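# Architecture and fold: a report
Single-letter residue listing:
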Amino acid sequence: MSMLKDPSVKYRPFPQINIPDRTWPSKVIEKAPRWLSTDLRDGNQSLIDPMGAEKKNRFFDLLVKVGLKEIEVGFPSAGATEYDFIRGLVDQGRVPDDVLIQVLTQAREDLIKTSFESLAGIHSAIVHVYNAVSPLWRNVVFGMEKPQVRAIAENAAKLLRDNAARFPQTKWQFEYSPETFSTAELDFSIECCEAVMNILQPTPENPIILNLPATVECATPNVYADQIEYFCRNLPNRESAVISLHTHNDRGTGVAAAELGLMAGADRVEGCLFGNGERTGNCCLVTVAMNMYTQGVAPGLDFSDIDEVIQTVEYCNQLPVAERHPYGGELVFTAFSGSHQDAIKKGFAAQEQRNDQLWAVPYLPIDPADLGRSYEAVIRVNSQSGKGGFAWVLEQDQGLKLPKKMQAHFSRHVQELADELGRELVAADIWDVFQRVYYVNDPQHLQLVDYEEARAPDGTRVFAGKIGVDGQERSVSGRGNGLISSVVATLAEHFGVEIAVKDYSEHALSAGSEAKAAAYIEAAAPDGRTVWGVGLDNDIATASVRAVLSAANALNQPA
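Predicted model, so just to flag it, every value in this text is computed and none were measured.

Let us look at the overall build of the chain. On a plain count of helices and strands, the chain comes out with 17 helices and 14 strands. In terms of overall dimensions, the chain is more spread out than a globule: its C-alpha atoms have a radius of gyration of 34 Å, far above the 24 Å expected for 559 residues. Summarising its shape, the C-alpha atoms of the chain cover approximately 110 × 60 × 50 Å along the three principal directions. Counting the 559 residues in the chain, one finds 53% classified as buried. Considering only intrachain contacts with a sequence separation of at least 6, the fraction spanning at least 24 residues in the chain is 66%. Carbon together with sulfur atoms contributes 50% to the accessible area of the chain, which is approximately 25500 Å² in total. Separation between the mean location of the 51 positive side-chain charges and that of the 74 negative ones in the chain comes to 3 Å.

Here's what the structure looks like:
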């Protein structure tokens with residue numbers, strides 16, 4: 001069987017929501033929502049090998065460390081592993097006073113009773129109950145009519161109320177989910193939620209959490225936003241409810257749906273770090289939080305060391321964080337393309353000159369340093385890279401700031417190596433080819449051994465020193481108007497090497513090599529070619545001498 005030429009015979013578009021005066025499109029997110037991590041429940045139940053106690057404890061500690069104040073820790077009625085983990089958190093006093101743990105239960109008396117018992121003795125907690133309300137589940141899964149489904153919700157609410165009374169030392173909060181909300185009739189979802197509220201009697205001071213799940217994402221994010229706005233407008237006693245979002249990613253827009261849902265009036269977001277969860281996963285809390293951060297909104301979650309977060313998540317889930325995952329992926333701040341590299345390099349240079357802290361670097365919507373990432377991996381070199389790429393790597397690794405025309409000259413050699421190796425070039429590869437092309441520390445070519453500079457009676461400069469070539473040292477001298485011209489004269493007189501210096505530049509080194517200064521020579525060869533030389537040394541004058549010798553060595557290169 002293959003894809004249908006006319007999929008409309010099998011699939012129907014999701015119906016739109018009739019809200020002609022919808023307001024969410026003009027709203028912006030101005031503050032962080034309440035966050036709930038469901039990594040230890042929804043995320044865990046989606047793993048091939050669910051976490052044991054050691055991994056769940058490690059994950060819990062991470063969630064607390066990054067600032068999660070509400071954590072769904074499990075499904076205590078599912079089995080001993082879940083129940084014992086939750087009891088361990090309580091009995092060992094591992095839940096901070098400012099953190100609410102939450103447990104999930106189906107709307108059954110025995111399961112709700114077990115859920116409360118798993119939390120006995122906790123200072124405060126949330127018990128989350130759910131039942132499916134949409135037509136597909138009512139008709140196909142349960143074979144029930146609407147009154148029967150509403151009755152399940154009402155009975156669950158009574159069980160929450162009565163079981164909470166058994167443990168008066170705990171401050172209880174309740175959460176109700178009309179599961180499959182995203183595919184249910186809106187008015188019926190409101191009917192079920194209102195019925196639950198009538199029993200639990202929430203107040204603005206002690207509100208109920210109404211979680212509205214996109215259990216299966218079946219429409220574009222704007223439809224979900226419309227559903228949320230409609231629900232918020234029409235729910236009686238809205239001020240006594242916290243509207244929570246639980247989006248899934250079946251259409252790849254779980255994050256967008258959560259963001260639009262917040263714009264539509266929701267107060268809380270449920271999800272997992274890096275979007276683990278059933279099928280294609282839950283909303284990624286990291287992405288939503290960092291999206292806010294890049295808009296100047298403090299998310300209340302701390303991902304300053306995102307690599308540590310990734311390491312723990314990957315260990316506990318036994319799932320890799322994709323290399324292109326927003327904010328966390330290994331390659332999300334990396335440019336291989338030449339045009340991207342050039343723009344980023346110029347952006348960093350401009351950023352250094354700015355008088356304010358505002359971030360404005362092409363292709364980088366966030367400063368990688370805010371997430372604990374170094375700038376070394378921002379630009380990497382392969383066969384797609386341009387001269388800006390290797391120039392950035394040389395500057396970051398060795399402190400070298402090659403003149404623009406020299407970058408073009410060296411680019412050809414880097415490209416040849418990339419094509420030859422057929423892989424990404426690391427900093428060591430680029431440094432090796434740089435030393436080879438410019439004869440840095442190459443004993444088989446002209447190399448400076450020692451020298452002195454003196455001023456002659458007629459005002460000219462005299463270069464006197466030793467130059468080694470092919471392992472042999474020669475004492476040489478020459479004079480000119482300055483140090484560089486005297487070295488050029490020495491080469492012509494003693495080695496028959498003639499070059500004419502066209503341009504010279506120098507700079508102190510900021511990183512990398514033990515040399516403290518770099519000098520660059522652009523020179524003309526007798527045959528009209530342009531050759532380049534570079535010199536590195538603790539002393540800038542000596543670096544310039546080495547640069548002249550490097551340019552002289554380049555005469556042996558093929559045109």
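Let's pick the thread back up.
On to the packing of helix 7 (residues 186-200) against helix 8 (residues 221-234), then. Two elements in contact, helix 7 and helix 8, have axes whose closest approach is 10 Å; the angle formed by their N-to-C orientations is 45 degrees. Accordingly, the angle class assigned to the pair helix 7 and helix 8 is oblique. Crossing geometry of helix 7 relative to helix 8 is assigned as right-handed. Each of Leu186, Asp187, Ser189, Ile190 and Cys193 in helix 7 lies in contact with helix 8, whose residues at this interface are Gln227, Tyr230, Phe231 and Asn234. Residue composition of the contact of helix 7 with helix 8, grouped by class: five nonpolar, three polar and one charged.

This part is about the sheet that holds strand 11 (residues 472-480). The strand order across the open sheet built from three strands is 9-10-11, with neighbouring strands paired in antiparallel fashion. Of all the strands in the sheet, just strand 9 (447-455) and strand 11 have a single pairing partner and so form its edges. When the angles between neighbouring strand axes are averaged without regard to direction, this sheet yields 15 degrees. Note: strand 9 against strand 10 (residues 461-469), eight bridges, orientation antiparallel. Each bridged residue has a counterpart across the sheet, and for arginine 455 the counterpart in strand 10 is arginine 461. Packed onto the sheet, helix 16 (residues 483-495) meets strand 9, strand 10 and strand 11 and runs at close to 125 degrees relative to strand 11. Helix 17 (residues 540-553) contacts strand 9 and strand 10 of the sheet and is inclined by roughly 125 degrees relative to strand 9.

Of note, the phi angle at phenylalanine 274 is positive, near 65 degrees, even though the residue is not glycine. Looking at the secondary structure, you find phenylalanine 274 in the loop between strand 8 (268-271) and helix 10 (285-293). For arginine 279, which is not a glycine, the phi torsion comes out positive at approximately 55 degrees. The topology assignment puts arginine 279 in the loop between strand 8 and helix 10.

On to the domain arrangement of the chain. Domain assignment breaks the chain into domain 1 (31-317), domain 2 (338-438) and domain 3 (446-554). Across the contact, nine residues belong to domain 1 and six residues belong to domain 2. Across the domain 1/domain 2 interface, buried area totals approximately 600 Å², and carbon plus sulfur atoms make up 55% of it. Across the domain 1-domain 2 interface, the total number found is one salt bridge. In this structure, the salt-bridge partner of arginine 373 is aspartate 307, at a minimum N-O distance of 2.8 Å. One can count four residue pairs in polar contact (both at pLDDT 80 or more) joining domain 1 with domain 2. Only helix 10 and helix 11 (306-317) provide two or more residues apiece to the side of domain 1 that touches domain 2. Ranked by residue count, the leading element in the side of domain 1 that touches domain 2 is helix 11, at three residues. Of the residues assigned to the side of domain 1 that touches domain 2, the class counts are five nonpolar, two polar and two charged.

For strand 4 (residues 124-132), the tally of buried residues reaches nine of nine residues, placing the bulk of the element in the interior. Pairing between strand 3 (residues 100-106) and strand 4: six bridges, direction parallel. Looking across to strand 4, one finds that isoleucine 101 is bridged to alanine 125. Between the parallel elements strand 3 and strand 4, the chain passes through helix 4 (residues 109-118) in a crossover that is right-handed.

Attention now goes to the environment of arginine 58. Within the secondary structure layout, arginine 58 lies in helix 2 (residues 53-66). Sequence separation between arginine 58 and phenylalanine 495 is 437 residues, and the spatial gap between their C-alpha atoms is 69 Å. Once residues lying within four places of it in the same chain are set aside, the contact partners of arginine 58 are Thr312, Tyr315 and Cys316.

Rules used throughout
Residues numbered from 1 in each chain as written. Predicted model: local features only at pLDDT ≥ 70, side-chain atom pairs only at ≥ 80, totals over all residues. Heavy atoms only, no water. Helix = DSSP H or I, 4+ residues; strand = E, 2+ residues; numbered from the N terminus. Rg over C-alpha atoms; globule rule 2.2 N^0.38 Å. Buried < 20%, exposed > 50% of the residue type's maximum accessible area, 1.4 Å probe, protein only. Contact = heavy atoms within 4.5 Å. Areas by Shrake-Rupley, 256 points an atom, 1.4 Å probe, with all protein chains shown as cover. Lys, Arg positive; Asp, Glu negative; His and termini not counted. Charge placed at Lys NZ, Arg CZ, Asp CG, Glu CD. Axes fitted to C-alpha atoms, helices over the stretch in contact; angles between N-to-C directions. Parallel < 35°, antiparallel > 145°, perpendicular 65-115°, else oblique. Left-handed = near helix turned anticlockwise from the far one by under 90°. Nonpolar A, V, L, I, M, F, W, Y, C, P; charged D, E, K, R; others polar. Pairing = 2+ DSSP bridges. Domains from an automatic or database assignment. Buried area = accessible area lost by both parts, 1.4 Å probe. Salt bridge = Lys/Arg side-chain N within 4 Å of Asp/Glu carboxyl O. Polar contact = N/O pair within 3.5 Å; in protein donor to acceptor, adjacent residues only side chain to side chain. Right-handed = clockwise from strand over helix to strand, strands pointing away.

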